[in-house]
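Chain by chain, the residues run as shown.
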Amino acid sequence: MKFTKLLTGAALALGLATGAYADGHAKTKIGFVYVGPVGDGGWTYEHNKGRLAVEAEFGDKVETVFVENVAEGPDSERVMTQMALDGADLIFTTSFGYMDPTINVAAKFPDVKFEHATGYKRADNVSTYSARFYEGRAIQGHIAGSMTKSNIIGYIGSYPIPEVIRGINSAFIHARKVNPDVEFKIVWAYTWFDPAKEADAAKVLIEQGADVVLQHTDSTAPQAAAQEAGNVITFGQASDMGQYAPFPRVSSIIDDWAPYYIARTKAVMDGTWTSTDTWDGIGPGMVGIGEISDAVPADVKAEALALKAALADGSYHAFTGPLNKQDGTQFLADGETADDGTLAGMNFYVEGIVGDIPQ
């Protein structure tokens, strides 16, 4: 991997050499920092599709570069710094753990625009953007709760951050709504992308009786493990993972970053870019729901699509009371919905989930 990184770094340096139009104007240079490989079939794959969409939209007016498999921490700071030094006008940093490195590098390069995915720290030249994945989790929970026969649903968590905890809660709430006997078992993988660890996590959950496995990790390894088990339902994560349809993968959450990447690139090009927070869901199209396969009973599919429509038009919120926290204290009164601030910092399970959130 180190050798690959060296090559990628060299390619990056070359790629950011000054490009120009035929008429002498400099191209807009856009860098992307990826936590996994572009071929992960999930999270990074979808961000890279967004990068390719920018190239398709603007042609030779832009030049894009990327570095994949960048570890969260000092490694990412080095990569971002190099991109800025090599003349990037706009840099997308696409993982939660890039938050502080993005802020640090942005402070040194006030003329470069930065966009950080899933974080909450902003600066004059740093925007944040994320998708309301929890809306998709509500739909997955509904299908999972309706289809489980063992009443045990497994969930592979990456890291115990609010984004992942929100997803677990949303899936659980909606699974319980259709099946009060549902129990969640959660395994923390402590990685975004590690096929071996993800497969092991899936196998542990299946051994514990789970006949549905949800994941908040980036590879297709849990899909393969479920396929091998033979009677376990899964959902694509971040990307469609449709190669496992119609079974075990019965639907998916798809992250569609392309419209956002195109809009933000255009804003840099025409001088209208400002620092902002964007958090969009099913309605604006940042969260897509992959085709619900015929392995799902027709009535369950119809209910799931109705739920999708209600989430999309805002007539229903995935976190609507009455809901209690895990310790039994009130979270939301009857009819009350969670505000974005509470959701953004969510650090507790809802009532009914067994187990502690790792610190």
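Let us look at the structure shown here. Being a predicted model, the structure only gives us computed values, none of them experimental. All residue numbers refer to positions counted from 1 along the written sequence of the respective chain. Where local features are concerned, this predicted model is filtered to residues with pLDDT of at least 70; where side-chain atom pairs are given and counted, the filter is 80 or more; whole-chain, interface and lining totals use all residues. Think of the side-chain values as coming from all heavy atoms in the structure, minus any hydrogens and water.

Here we come to the packing of aromatic side chains. In this analysis, rings of Phe, Tyr and Trp, with Trp reduced to its six-membered ring, are considered paired at centre separations within 6.5 Å, and the interplanar angle assigns stacked below 30 degrees, edge-to-face beyond 60, and tilted for intermediate values. Summed over all chains, the structure comprises 22 aromatic pairs. Seen from their ring centres, Phe172 and Phe184 are 5.1 Å apart, and the 85° between their planes marks the pair as edge-to-face. Of this pair, Phe172 sits in helix H6 (residues 162–178) while Phe184 sits in strand S7 (residues 183–188); the two residues are 12 residues apart in sequence, bridging distant segments of the chain. For Phe172, a relative accessible area of 2% gives the class buried. Ring pairs connect the aromatic residues Phe32, Tyr34, Trp43, Phe66, Phe92, Tyr129, Phe133, Trp257, Tyr260 and Tyr261, which therefore count as one cluster. The ring of Trp279 carries the charged tip of Arg132 above its face, separated from the ring centre by 4.2 Å. Above the ring of Phe348, the side-chain terminus of Lys325 is found at 4.6 Å from the ring centroid. Each helix corresponds to a stretch of at least 4 residues labelled H or I by DSSP, and each strand to a stretch of at least 2 residues labelled E; elements are numbered beginning at the N terminus. Burial status follows relative accessibility: with a 1.4 Å probe on protein chains alone, a residue under 20% of its type maximum counts as buried, one over 50% as exposed, and anything between as partly exposed. Two thresholds decide whether a charge sits over a ring: the Lys NZ or Arg CZ must be within 6 Å of the ring centre and within 35 degrees of the ring normal.

What follows covers helix H8 (residues 221–229). Considered for burial, the residues of H8 that qualify are Ala221, Pro222, Gln223, Ala225 and Ala226. Note on H8: the residue one or two positions beyond its end, Gly230, has a positive phi of about 95°.

This part covers the pairing of strand S3 (residues 90–93). Here S3 shows no split at all, with Leu90 and Phe92 on one side and Ile91 and Thr93 on the other all buried. Paired strands, as defined in this entry, are two strands with at least two bridges between them according to DSSP. Pairing geometry for strand S1 (residues 28–33) and S3, over four bridges, is parallel. Note on S3: the bridge partner recorded for Gly31 is Ile91. Two elements, S3 and strand S4 (residues 113–117), share four bridges in a ladder whose sense is parallel. Each residue of the ladder has a partner; that of Leu90, found in S4, is Lys113. Handedness rule for crossovers: strands pointing away from the viewer, path from the first strand over the helix to the second running clockwise, crossover right-handed. You can see the chain leave S3, run along helix H4 (residues 99–108) and come back into S4, and the turn it takes is right-handed.

Strand order in the open sheet made by the six strands is S2-S1-S3-S4-S5-S11, with parallel pairing throughout. Looking at strand neighbours, the two that pair on one side only are strand S2 (62–67) and strand S11 (277–280), the edges of this open sheet. With strand direction ignored, the average angle separating the axes of adjacent strands in the sheet is 15°. Pairing geometry for strand S5 (residues 126–131) and S11, over four bridges, is parallel. Within S11, the residue paired with Thr128 across the bridge is Asp277. To obtain each axis, a line is fitted to C-alpha atoms, and for helices this fit is confined to the stretch in contact; angles are then taken between N-to-C directions over 0 to 180 degrees.

As a further point, take the pattern of salt bridges. Pairs may arise between side chains of opposite charge once their charged atoms sit close together. Here, a salt bridge means any side-chain nitrogen of Lys or Arg that lies within 4 Å of a carboxyl oxygen of Asp or Glu. Taken as a whole and assessed by the stated rule, the structure comprises 11 salt bridges. Linking Arg51 and Glu55 is a salt bridge whose minimum nitrogen-to-oxygen distance equals 3.3 Å. A residue pair is termed a helical-turn pair when its members lie 3 or 4 positions apart in one helix, as Arg51 and Glu55 do in helix H2 (residues 43–58) at four residues. A relative accessible area of 31% means that Glu55 is categorised as partly exposed. Residues Asp277 and Arg122 are paired through a salt bridge, measuring 3.1 Å at the closest nitrogen-oxygen approach. Placement of Asp277 in strand S11 and of Arg122 in the loop between S4 and S5 is noted, with a sequence separation of 155 residues between them.

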